Amino acid sequence: MASISRKRGKRIIRWRCPVTGRNRSYQPKDQRLDNCRTLKKDIERACDAGIKWVHPSERAPAIPSLSQAIADVLTNRARRLKASTLQRVGITYLQLLQSLEEAHPGERITVQHLSRQALSNHFQWLLQPRPTEYTDPTTGRKHTRTRTCSPATATNRIRDLEDLWLRIHDHDEHGKHTPLPRRLRDLPIVKRQRRPAPSWAQMDQVIAVSRPGRQGRGRFGSEALYRQVVLQRFLGLRVDQVQRLRWTDLDWQGRTLTIRPELGKSQQESQGRIVPVSAHLITEMATWGTRTGEIVGRRSKATVNKSTRAAWRRAGVPPEIWDRVGDRKGQPTHAFRRGFITGLRSVGVDLTLIHYLVGHQDDDITDTYTYWAAMGEILRGVVDRIPPLTQEEADQVVPLTVRRGGAE
């Protein structure tokens, strides 16, 4: 136990060191009683732990934990990233923490655990199949399924973690404790085969089977699905952007559509832009009834993918265009975007103009609204090259065979 005494009017703290067994004393510079009592408690904690007491000002600074460093990085990145992107990045960071905790059980994971070997081990950890829980959006029940990360996805996540390492090293407080960032150079190079894009005729087949009441007793087609695929076919937008379009965004007289800034994905697209609309789309939308609120309406991602995938299958389009191929996941909604881009490229449209229409990041487009003012007439000529919907494909649709048990 430590004690506080006085010598020549000065307070002195006395105790017996548990390491050397000798009596020690310390005269604080701050002679206030509260400060002396705080030091006395600190000395007693050191004696109880069986270690030599060192003044707090002489101790080495505590090494920050990796979880705290990750939290600081996510806080800084939240200023520029969308919520969905921030969530994806956060999951990647938390997976690194999980693999490090499994590799070092019982240890405190700090920023000093970042190393090239740790990233290499994490890459192998990502490739291992592991059970994950998910909630069925229709029933609300929780299920467990085994998922495996592909080598290409694992490589992308390692690159995200290398960026995390660099950001922690550049941090004002964590940088002095963080090892110099390194890169993994022995990761496998996965060359993916290009997925073929659908033609205008194949997209029209999907639109034909999606029309409400056109399939048998009308159980398959729906107004929301039909509007979604038509808008994607003529605009080339992402499905989440199409679902959030409003009737007020459409200028009927000027044949233009305003893509609001909140619908953007990239930093450039988040500025908002104006795109021309094909006269064939204006004619089709004129028959869509009430023009209030959202044009399509929002549905869950699982519902949209399921219904769009079923439409591709009913239309008899080859699966390699929209379904899973090898380790590549299916893209039933994104296939329309690829078909739009490929269709315009096949008739010689400049790639920069296509990038503006679909919202791709392009260094040649410095300001989106200025670009529309300067290139509006040229862009109108581009969308006028989009062919109209063909109705003949509706009679050529391959019917879906429904097996027992509801399997399609």
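Whatever comes next refers back to the structure up there.
Criteria and thresholds
Residues numbered from 1 in each chain as written. Predicted model: local features only at pLDDT ≥ 70, side-chain atom pairs only at ≥ 80, totals over all residues. Heavy atoms only, no water. Salt bridge = Lys/Arg side-chain N within 4 Å of Asp/Glu carboxyl O. Helix = DSSP H or I, 4+ residues; strand = E, 2+ residues; numbered from the N terminus. Buried < 20%, exposed > 50% of the residue type's maximum accessible area, 1.4 Å probe, protein only. Axes fitted to C-alpha atoms, helices over the stretch in contact; angles between N-to-C directions. Parallel < 35°, antiparallel > 145°, perpendicular 65-115°, else oblique. Contact = heavy atoms within 4.5 Å. Nonpolar A, V, L, I, M, F, W, Y, C, P; charged D, E, K, R; others polar. Pairing = 2+ DSSP bridges. Expected span 1.5 Å × (residues − 1). Phe/Tyr/Trp six-rings, centres within 6.5 Å; stacked < 30°, edge-to-face > 60°. Polar contact = N/O pair within 3.5 Å; in protein donor to acceptor, adjacent residues only side chain to side chain.

**A look at the pattern of salt bridges**
Part 1 of the reasoning: Under the definition given, this model contains 16 salt bridges.
Part 2 of the reasoning: One salt bridge connects R45 with D42, and the closest N-O pair in it is separated by 3.5 Å. Of the two residues, R45 and D42 are both situated in helix α1 (residues 33-49); the distance of 3 residues between them amounts to about one turn of the helix.
Part 3 of the reasoning: Among the residues examined, D42 registers a relative accessible area of 13% and is labelled buried.
Part 4 of the reasoning: A salt bridge links E223 to R227; its shortest N-O distance comes to 3.0 Å. One end of the pair, E223, and the other, R227, are both in helix α7 (residues 223-235), 4 residues apart, so they sit about a helical turn from each other.
Part 5 of the reasoning: Relative accessible area serves as the criterion here: at 36%, E223 is assigned to the partly exposed category.
Part 6 of the reasoning: Where salt bridges share partners, they join R77, D163 and R167 into one cluster.

**Remarks on the packing of helix α2 (residues 66-77) against helix α5 (residues 151-169)**
Part 1 of the reasoning: The contact between α2 and α5 brings their axes to 10 Å, and the two run at 95 degrees. In terms of orientation, α2 and α5 fall into the roughly perpendicular class. Contact residues: L66, A69, I70, V73 and R77 in α2; D163, L164, R167 and I168 in α5.
Part 2 of the reasoning: Considered class by class, the residues forming the contact of α2 with α5 number 6 nonpolar, no polar and 3 charged.

**Observations regarding the sheet that holds strand β6 (residues 250-251)**
Part 1 of the reasoning: Strand order in the open sheet made by the 3 strands is β6-β7-β8, with antiparallel pairing throughout. Both outer strands of the open sheet, β6 and β8 (273-276), are each paired with one neighbouring strand and no more.

**Digging into α1**
Part 1 of the reasoning: Between its terminal C-alpha atoms α1 stretches 25 Å, which fits the 24 Å expected from 17 residues at 1.5 Å a residue.
Part 2 of the reasoning: Those residues of α1 not exposed but buried are C36, L39, D42, I43, E44, A46 and C47.
Part 3 of the reasoning: Where α1 is buried, its residues touch β1 (3-7), β2 (10-16) and β3 (23-26).
Part 4 of the reasoning: After α1 finishes, the residue G50 shows a positive phi value of roughly 75 degrees.

**Side note on the packing of helix α3 (residues 83-103) against α5**
Part 1 of the reasoning: Interhelical geometry of α3 versus α5 gives an angle of 85 degrees and a closest axis separation of 10 Å. The angle between α3 and α5 places the two elements in the roughly perpendicular class. Each of R88, T92, Y93, Q95 and L96 in α3 lies in contact with α5, whose residues at this interface are R157, D160, L161, D163 and L164.
Part 2 of the reasoning: Its residues assigned to classes, the contact of α3 with α5 comprises 4 nonpolar, 2 polar and 4 charged.

**Here we look at the pairing of β3**
Part 1 of the reasoning: By the bridge criterion, 4 bridges tie β2 to β3 in an arrangement that is antiparallel. Looking at β3, one finds that I13 is bridged to Y26.
Part 2 of the reasoning: A loop of 6 residues connects β2 with β3, the two strands running antiparallel in sequence, and G21 in this loop sits at a positive phi of about 75 degrees.

**Observations concerning the packing of aromatic side chains**
Part 1 of the reasoning: Inspection of the entire model under this criterion finds 6 aromatic pairs.
Part 2 of the reasoning: Their ring planes at 80 degrees and their centres at 6.5 Å tell us that W200 and F340 sit as a pair that is edge-to-face. Of this pair, W200 sits in helix α6 (residues 200-210) while F340 is found in helix α12 (residues 334-345), placing the two residues 140 residues apart along the sequence. Comparing W200 with F340 shows no difference in burial state: the two are buried.
Part 3 of the reasoning: Between W312 and F336, the ring centres sit 5.0 Å apart and the planes meet at 45 degrees, which makes this aromatic pair tilted. Here W312, found in helix α10 (residues 301-314), pairs with F336, found in helix α12; they are 24 residues apart in sequence, far enough to count as distant. Note on accessibility: W312 and F336 belong to one class, buried.

**Overview of helix α13 (residues 351-358)**
The periodicity of an α-helix, 3.6 residues per turn, causes residues three or four places apart in sequence to face the same way.
Part 1 of the reasoning: Counting buried residues in α13 gives 7 out of 8 residues, a clear majority hidden from the surface.
Part 2 of the reasoning: Those residues of α13 lying buried are T352, L353, I354, H355, Y356, L357 and V358.
Part 3 of the reasoning: Capping the start of α13 is the job of one residue whose side-chain oxygen sits 2.9 Å from the backbone nitrogen of T352: D350.
Part 4 of the reasoning: Once α13 ends, the next one or two residues include G359, with phi positive near 90 degrees.

**Observations concerning the sheet that holds β2**
Part 1 of the reasoning: As summarised here, the arrangement of the 3 strands in space is β1-β2-β3, forming an open sheet in which the pairing is antiparallel. Each edge of the open sheet carries a strand with a single partner, namely β1 and β3. Geometrically, the sheet is characterised by an average inter-axis angle of 35 degrees between neighbouring strands, direction not taken into account.
Part 2 of the reasoning: Pairing of β1 with β2 involves 5 bridges; the strand directions are antiparallel. When the bridges of β2 are listed, S5 appears paired with I12.

On their own, these measurements won't tell you what the molecule is for.
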